[in-house]
Structures are given as structure tokens and as C-alpha cells.
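Chains, contacts and geometry: an overview
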Amino acid sequence: MTETGKSDLRAVESENIHWDQDISYGGYLNLDKLLDCQNPRTDSHDEMLFLVIHQASELWMKLCIHELAAAMEHIKNDNLGASFKMLARISRIQGQLRQSWDVLSTMTPSDYSSFRDKLGQSSGFQSFQYRAIEFALGNKNAKLLEVHRSKPERYEPLKATLEAPSIYDLCIELLSKRGFNIPEECLNRDWSLPYEPSDAVEAAWATVYRETGKYWELYELAEKLVDLEHQFQMWRFSHMKTVERIIGYRKGTGGTGGVSFLVKALDLRFFPELWNVRTGL
């Protein structure tokens, strides 16, 4: 045994650590099950990279949904202080998701071609967690539900998210609670439909930005939302560029337009007035 190994062993003994315990590191994390989920369908070296990146991304999205749901509940209850930490955390999670595309971009077109045919029609477009995040942020599109209709355990929760107020809807409701003149059609509408920008809502945010001292909490909320959308768009952009780098302009495995489909997504805005108001300040 090396000196380093002996030193590590003495450190363990000095701390009286043992492995016959009620719960271990691996047990708490359920590592046996977690690490048994990587099952490549080919002998391609790079398929393991592809699997791990996408599985890890789904775990980050699970945490994102957890934080987003809690932040929305706090905003609904006008408890903004608690929501800020969660919104900031979501932005950092998106940073981690963006970094995952940097790792995946080390895969070449030849690497991907070595196992792509074995993916069948599976596609990231089918990620129900990604769709839940988009619906909660405000990208309401009922057509995007259809891919999940055959799985009621996915379809029903997604449908409920589609039909519920988005985080921006809750923020607009909060503006009204705080005394701003918000039109009734912004406060009571079909939440499953995309939000339409309002001059009155933009005017309210403009007041918040011009009188930051008076409306500091709302000002901070606005900037947290802007950061959230900025990070989300950077994630989308990195996704698009990575796909372009690996498959060019070929169609995606799920039948979408690939890069062209992802480019269109970059034009979507979740919080339009918060971007428009900057021009007039």
C-alpha cells in the first residue's frame, strides 16, 4: 500500500467510520439503481457520453421544476423574498444544463453516426420535463401535449400545467395586488393560451424601473425573471449550436426539422414587456 493509501486509512480509522450502518452514501443516493440506468444499445464508445449527458440533464430539469413550483407558490402568496433564492438557483441550474452541451459538442458527426440509427424515433422533443418547464414559464401550446397523450401519467400533469397560470401570469396578478392598473383580460383568461403583451402591463413595469426605490421588491423580481429567460435562451442557443455542429441541417430523430426547429424556438419570449420596457427607459 502506498503512503497516501495508508494515510487515508488512518484518517478513516481516526474518525471511527464504518460501513455497517443504517444508511450509506450509496444507499442514500440509490446509486445501485442510478448507475444501472446507462445501457448503450451499441458498442459505440460515444453512446455512453450521449446517455449520461441526457440523463444528467433530466435530473437537473427535475430540480428546476421543483424550484420553479416553489417559487411560483411564493409569488402567488406575495412572499417575494423566499422566491428570489429559488429563481436565482434555477438560473444557475440552467448554467449547468448549458455546460452539458459543451461536453456533448466533443462528439463528432462520425461519432454520432455510429449509434444514431439505434435511437429510433426517440427525441428530446419528447421530454415531458422540458415541456413542463416551458409551460410553467409561459410557452403555452396545446399541440405540444399530443406527443404525450398515449401516456396518461405524463399527459395529465402536463395538461394541468398548461391550463394553470404561468409564473409570469402570477407576477402580473401581483402587480395588480400591489396597486397597478392591470386590465381584466390579463387577470382572468384562458391560461392554456399564449400570453398576449399588454401596454398597461408594460407601463406598470416601466414605473417599477423608474421608481426602483419605491418598488424595490418588484424591481428585483423583474430582474430575476429577465435573468431566468436569458439563461433559458442561452441554454436553447447552446443546444441549437451543438446540434448544428454534430448533424448539420439533417432532420432530428423524432422527425423535427433539427436545427431549423431549434432556431424558431429562439424567437419565443416568455416575459415580453420586461424586454420591451428597456427600449423606452
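Scroll up a little and you will see the structure.
Here goes a summary of the coordinates provided.

What counts and how
Residues numbered from 1 in each chain as written. Predicted model: local features only at pLDDT ≥ 70, side-chain atom pairs only at ≥ 80, totals over all residues. Heavy atoms only, no water. Helix = DSSP H or I, 4+ residues; strand = E, 2+ residues; numbered from the N terminus. Buried < 20%, exposed > 50% of the residue type's maximum accessible area, 1.4 Å probe, protein only. Salt bridge = Lys/Arg side-chain N within 4 Å of Asp/Glu carboxyl O. Phe/Tyr/Trp six-rings, centres within 6.5 Å; stacked < 30°, edge-to-face > 60°. Lys NZ or Arg CZ within 6 Å of the ring centre and 35° of its normal. Core = buried A, V, L, I, M, F, W, Y, C linked by side-chain atoms within 4.5 Å. Contact = heavy atoms within 4.5 Å.

Considering unusual backbone geometry
At Asn30, a position not held by glycine, the phi torsion is positive, near 55°. As for its placement among the helices and strands, Asn30 is situated in the loop between α2 (25-29) and α3 (31-34). The class for Asn30 is partly exposed, based on a relative accessible area of 40%. The phi dihedral of Asp78 falls on the positive side, at around 55°, and the residue is not glycine.

So, the pattern of salt bridges
Under the counting rule described, the total for this entry stands at 14 salt bridges. The partner of Asp227 in a salt bridge is Arg92, and the shortest N-O contact between them spans 3.7 Å. Of this pair, Asp227 sits in helix α12 (residues 216-247) while Arg92 sits in helix α5 (residues 80-104), placing them 135 residues apart in sequence. One salt-bridge network, in which partners are shared between bridges, spans Asp78, Arg178 and Glu217.

Observations concerning the packing of aromatic side chains
Using the criterion set out here, one finds 13 aromatic pairs in the structure. Seen in terms of ring centroids, Phe270 and Phe271 are 6.0 Å apart; in terms of plane orientation they differ by 55°. Their pairing is tilted. Pair check on accessibility: Phe270 and Phe271 agree, each one buried. An aromatic cluster of at least three residues, connected via ring pairs, comprises Tyr130, Tyr168, Tyr195, Phe232, Trp235, Phe270 and Phe271. Across from the ring centre of Trp275, 5.7 Å away, lies the NZ or CZ of Arg278, which sits over that ring.

Comments concerning the nonpolar core
Formed by 62 residues in total, the largest nonpolar core has its most connected members in Tyr168 and Leu221. Counting residues per element, this core draws most heavily on α12, at 12 residues. Not counting the four nearest positions on each side in its chain, Leu221 is found in contact with Ile75, Leu80, Phe84, Leu87, Cys171 and Leu174. Among the nonpolar cores identified, the runner-up in size contains 7 residues, and Leu144, Leu145, Leu158 and Leu162 belong to it.

Function-wise, these values are silent; they only describe arrangement.
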